[in-house]
Amino acid sequence: MGELICTIGKIVLGGNEYAIEVNKPNKAGEEDLIHIQNKRFRYECSKAEFICYATSVLRARDNFLYYKKKGER
């Protein structure tokens, strides 16, 4: 595992809290790694993969709120 650069923040999913961390890559010249983790679980991806994932989650949330609001009319 790479060395911790910084913690971006924390999220709660299903009642479990996870830290989102930026880590140095395992090899020189590679992209920084993102860890979404707690004491029992760790998901690792590249910074580019994390940006795609985070963008998808935000877009899904926006769509959900839009359609929920539309249904309340």
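Placed above this text is the structure.
Residues numbered from 1 in each chain as written. Predicted model: local features only at pLDDT ≥ 70, side-chain atom pairs only at ≥ 80, totals over all residues. Heavy atoms only, no water.

Focus on the nonpolar core
Then step 1. Within the largest apolar cluster, seven residues are counted, these being Tyr18, Ile20, Val22, Ile34, Ile36, Cys45 and Phe50.
Then step 2. Looking at which element gives the most residues to this core, the answer is strand S2 (residues 16-23), with three residues. (Core = buried A, V, L, I, M, F, W, Y, C linked by side-chain atoms within 4.5 Å. Buried < 20%, exposed > 50% of the residue type's maximum accessible area, 1.4 Å probe, protein only. Helix = DSSP H or I, 4+ residues; strand = E, 2+ residues; numbered from the N terminus.)

With respect to the packing of aromatic side chains
Then step 1. Going through the model one piece at a time under the given rule, you end up with two aromatic pairs.
Then step 2. Ring geometry for Tyr18 against Phe41: centres 5.9 Å apart, planes inclined by 85°, an arrangement best described as edge-to-face. A residue pair is termed long-range when its members are at least 10 positions apart, and Tyr18 in strand S2 and Phe41 in the loop between strand S3 (33-37) and strand S4 (42-46) qualify at 23 residues.
Then step 3. Taking relative accessible area as the criterion, Phe41 reaches 43% and is therefore assigned partly exposed.
Then step 4. Note on Tyr66 and Tyr67: the rings are 5.0 Å apart at their centroids and 75° apart in plane angle, and the pair reads as edge-to-face.
Then step 5. Note on Tyr66: relative accessible area 44%, which makes it partly exposed. (Phe/Tyr/Trp six-rings, centres within 6.5 Å; stacked < 30°, edge-to-face > 60°.)

As for the pairing of S4
Then step 1. Two strands pair when backbone bridges link them, and S3 and S4 are joined in this way by five bridges, in the antiparallel orientation. What sits directly across from His35, in S4, is Glu44. (Pairing = 2+ DSSP bridges.)

Description of the environment of Phe50
Then step 1. Looking at where Phe50 falls in the secondary structure, it is placed in helix H1 (residues 47-71).
Then step 2. Filtering out sequence-adjacent residues up to four positions away, Phe50 remains in contact with Ile20, Ile34, Ile36 and Cys45. (Contact = heavy atoms within 4.5 Å.)

Brief notes about the layout of surface pockets
Then step 1. When its volume is computed, the largest pocket comes out at roughly 280 Å³.
Then step 2. In this structure, the largest pocket is lined by Ile11, Leu13, Tyr18, Ile20, Ile36, Phe41, Tyr43, Phe50, Tyr53, Ala54, Val57 and Leu58.
Then step 3. Broken down by secondary-structure element, the contributors of at least two residues to the lining of the largest pocket are strand S1 (4-13), S2 and H1.
Then step 4. Taken together, the residues of the lining of the largest pocket break down into twelve nonpolar, no polar and no charged. (1 Å grid on protein atoms, 1.4 Å probe; cavity = no way out; pocket = protein on both sides within 12 Å on 5 of 7 lines; lining within 4 Å. Points joined across faces, edges and corners; volume = space filled by probe spheres on them. Nonpolar A, V, L, I, M, F, W, Y, C, P; charged D, E, K, R; others polar.)

A word on the sheet that holds S4
Then step 1. Read across the sheet, four strands follow the order S1-S2-S3-S4 without closing on themselves; strand pairing throughout is antiparallel. For this open sheet the edge positions go to S1 and S4, each flanked by a neighbour on one side alone. For this sheet, the mean inter-axis angle between neighbouring strands, taken without regard to orientation, is 20°.
Then step 2. Packing of H1 onto the sheet brings it into contact with S2, S3 and S4, and relative to S4 it is tilted by some 105°. (Axes fitted to C-alpha atoms, helices over the stretch in contact; angles between N-to-C directions.)

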